[in-house]
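Take a look at the letters that make up each chain.
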Amino acid sequence: MTETAEPTGHCYCGCGATVGYGRYFAAGHDKTAEAAFLALHHEASVAQMLYDHGYRAVANREDKRSVTKAAVTRKLWQECPKGCGYRGARESINNHVNRHHQ
């Protein structure tokens, strides 16, 4: 089983800043850490990161190599209940439906 990251009181980006209780990052530093990780492991490219993990640009959104299809299949994301094809986290789906299907 994989260990879960725990808040330590210091920023996870490695800057050494003290952060509030239950927090992992100083404000905005999650994006700093994400950019550094992409640079280190995936040539600073989200597309390369997806490719490295077996996902591809696909013509058929039902293709198993679609990262959004994989997120829905694993029940981490949902599809728009109105059938438009939008995929996202539950909160994102709620915002999408309220904005585009009223």
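Being a predicted model, the structure only gives us computed values, none of them experimental. (Residues numbered from 1 in each chain as written. Predicted model: local features only at pLDDT ≥ 70, side-chain atom pairs only at ≥ 80, totals over all residues. Heavy atoms only, no water.)

S.K.: Residues and numbers for the overall build of the protein, please.
M.R.: In terms of regular secondary structure, the protein is built from four helices and two strands. Element order for the protein, N to C, with α for helix and β for strand: α-α-α-β-β-α. What you see for the protein is a C-alpha radius of gyration of 17 Å, clearly larger than the 13 Å of a compact globule of 102 residues, by over 25%. The C-alpha extent of the protein, read off along each of the three principal axes, is 45 × 35 × 30 Å. Surface accessibility of the protein: about 8000 Å² in total, with carbon and sulfur atoms responsible for 52%. (Helix = DSSP H or I, 4+ residues; strand = E, 2+ residues; numbered from the N terminus. Rg over C-alpha atoms; globule rule 2.2 N^0.38 Å. Areas by Shrake-Rupley, 256 points an atom, 1.4 Å probe, with all protein chains shown as cover.)

S.K.: Which residues make up the side chain of Asp63, and what are the values?
M.R.: You can see Asp63 is positioned in the loop between helix H2 (46-52) and helix H3 (67-73). Engagement of the side chain of Asp63 in a polar contact is seen with the backbone nitrogen of Arg65, the distance being 2.7 Å. If we skip the residues at most four places from it in the chain, Asp63 touches Val58 and Lys69. (Polar contact = N/O pair within 3.5 Å; in protein donor to acceptor, adjacent residues only side chain to side chain. Contact = heavy atoms within 4.5 Å.)

S.K.: Tell me about the packing of aromatic side chains, and please be specific about residues and values.
M.R.: In this structure the tally under the stated criterion is two aromatic pairs. Ring pairing ties together the aromatic residues Tyr12, Tyr24 and Phe25, which thus form one cluster. In this structure, Arg56 is placed above the aromatic ring of Tyr51, and the distance from its NZ or CZ to the ring centre is 3.6 Å. (Phe/Tyr/Trp six-rings, centres within 6.5 Å; stacked < 30°, edge-to-face > 60°. Lys NZ or Arg CZ within 6 Å of the ring centre and 35° of its normal.)

S.K.: How would you summarise the pattern of salt bridges if you had to cite specific residues and measurements?
M.R.: Opposite charge on two side chains lets them pair, provided their charged atoms get close. What the rule picks out here adds up to eight salt bridges. Measuring nitrogen to oxygen at the nearest pair gives 3.2 Å for the salt bridge that ties Glu34 to Lys31. On the criterion of helical spacing, the pair formed by Glu34 and Lys31 is a turn pair, its members being three residues apart in helix H1 (residues 29-42). Judged by relative accessible area, Glu34 falls into the partly exposed class, the value being 41%. In this structure Lys31 comes out as exposed when scored by relative accessible area, which is 53%. Notably, a salt bridge pairs Arg61 with Glu79, separated by 3.7 Å at the nearest N-O pair. Of the two residues, Arg61 sits in the loop between H2 and H3 while Glu79 sits in strand E1 (residues 78-79), which places them 18 residues apart along the sequence. Because the salt bridges share partners, they merge into one network encompassing Arg61, Glu62, Lys69, Glu79 and Arg87. (Salt bridge = Lys/Arg side-chain N within 4 Å of Asp/Glu carboxyl O. Buried < 20%, exposed > 50% of the residue type's maximum accessible area, 1.4 Å probe, protein only.)

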